[in-house]
Amino acid sequence: MPLNIQAHQQTLPQFLSTLEPAGTRDWGDISAIVMNASRACKAISLGIAYGALGGVTGDYQAEAGQSINVQGETQKKLDVLSNNMFIHCTESGGQLAGMASEELTLPHQIPAPLKRGRFLLLFDPLDGSSNIDINTSVGTIFSILRCPESHVDGDVSEADFLQEGHAQVGAGYAIYGPSTMLVLALGQDVNGFTLDPRMGEFVLTHPSMRIATETQEFAINASNSRFWEAPISRYVDECLAGKSGARGKDFNMRWIGSLVAETHRILMRGGVFIYPRDTKDLSKPGRLRLLYETNPIGLVVEWAGGRASTGEMPMLQATAKSLHQRIGFVFGSRSEVERIERYHATISAAEPFL
Ligand code: AHG
Ligand code: MN
Ligand code: MN
């Protein structure tokens, strides 16, 4: 295959060294965290590419049998390997005060004698992991926060991580698909990099990504329809009615079961993703996790000109009460997300849910 990198195409280190967002303190630390996270994503990508040949598919068997994480979900081997890889690649950089992961019940402390820093890293090491064994796209999601001053140098606590999404100084995801890409929200802008497997470098291929304002494509797990709130049922019914209904146009539907893959599709060609709060299990107010799934994806979406919402309010204003808190998530093309918010405002006022 011909070597295709153009002289003007920046690698990730070149991009980070030329970007110095105005008003961003400690840019050197933030870009070092991003570089270390990108190294973890490269390693995870390599492990995934070997598939069954690498012995990494299937469930994780802890010594005492099967392993269930704090979410109550069976861990895949790659969930555990990706989590360990992410910690290994980022904890020794000296920029982090602590970390939180989907796969860890409690915050991870930076062990002595490693240097501690001023930032918190939150991540879902492998998103969409039920897709691993069927060779379908999965990803990694991460978010960077400042550590409250009082806990810089000491152990971090759960409360340190419970910040609004607006407080994120950066976020991103890697998608392990036909090609591996890294999409970064930094300095109010969203840029996409493709991994060149020959050089092992991420190369800027999708500068300043923008989400189309209008769309005729929606994504929702319709098997949950009997548990939906009235505003969501109304929205989906109208999409399904197509040209003959209130919307007067036909819609297309997609569902991959991988948040990262859905996000990437929406960034590339527009669309709306809906995983709403529902009545399936009242102890879980939504499927996705606020701090390391919906907040980082929300930042990417908002900085790409789309809208990220709980269905009722901006996602980045939602407050977390616990590290692994779940929440309803609606994001994508602005006009559709605003419509769903309007349906919540009108219907909830008329017939309150729950
Ligand atoms: P994870 O693999 O990190 O637990 O996340 C899975 C999430 C997300 O990727 C996807 O959007 C959603 O779960 C899929 O849910 P369904 O199984 O209901 O389709
Ligand atoms: Mn996930
Ligand atoms: Mn995961």
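That block above? That's the structure.
Below, the structure is looked at part by part.

**Observations concerning the site of ligand 1**
The full set close to ligand 1 counts 18 residues, and Asp127, Gly128, Trp255, Leu259 and Tyr275 are the nearest of them. The contact in question runs from an oxygen atom of ligand 1 to an N or O atom on the side chain of aspartate 124, over 3.0 Å. Between aspartate 127 and ligand 1, the recorded distance is 2.9 Å, taken from a side-chain N or O atom to an oxygen atom. Burial of ligand 1 by the surrounding chains reaches 86%, relative to a free accessible area of 470 Å². The element contributing the most residues to the shell around ligand 1 is strand 5 (residues 119-127), with three residues. Split by residue class, the shell around ligand 1 holds six nonpolar, five polar and seven charged. A domain-level breakdown of the shell around ligand 1 finds at least three residues from each of domain 1 (12-206) and domain 2 (217-346).

**A few points about the coordination of the manganese ion (ligand 2)**
Distances from the manganese ion (ligand 2) to its protein donors, Asp124 (OD), Asp127 (OD) and Glu293 (OE), fall within 1.8 to 2.1 Å. Between consecutive donors of the manganese ion (ligand 2), the numbers of intervening residues give the motif D-x2-D-x165-E. Separating the manganese ion (ligand 2) from the manganese ion (ligand 3) is a gap of 3.8 Å, bridged by aspartate 124, which donates to each. Taken together, the positions of aspartate 124 in strand 5 and glutamate 293 in helix 7 (residues 290-303) put the pair 169 residues apart, joining distant regions of the chain.

**Details of the pairing of strand 3 (residues 96-101)**
A large share of strand 3 lies buried, amounting to six of its six residues. Here five bridges tie strand 3 to strand 5, and the two strands are oriented parallel to one another. Opposite leucine 96, over in strand 5, you have phenylalanine 119 as the bridge partner. Where strand 3 meets strand 4 (residues 108-109), two bridges bridge the pair, whose relative direction is antiparallel. Bridging from a neighbouring strand, glycine 98 pairs with glutamine 109 of strand 4.

Conventions and cut-offs
- Residues numbered from 1 in each chain as written.
- Chains lettered and ligands numbered in written order.
- Predicted model: local features only at pLDDT ≥ 70, side-chain atom pairs only at ≥ 80, totals over all residues.
- Heavy atoms only, no water.
- Near = heavy atom within 4 Å.
- Polar contact = N/O pair within 3.5 Å; in protein donor to acceptor, adjacent residues only side chain to side chain.
- Areas by Shrake-Rupley, 256 points an atom, 1.4 Å probe, with all protein chains shown as cover.
- Helix = DSSP H or I, 4+ residues; strand = E, 2+ residues; numbered from the N terminus.
- Nonpolar A, V, L, I, M, F, W, Y, C, P; charged D, E, K, R; others polar.
- Domains from an automatic or database assignment.
- Donors = N, O, S within 2.8 Å, 3.2 Å for Na, K, Ca; no water.
- Buried < 20%, exposed > 50% of the residue type's maximum accessible area, 1.4 Å probe, protein only.
- Pairing = 2+ DSSP bridges.

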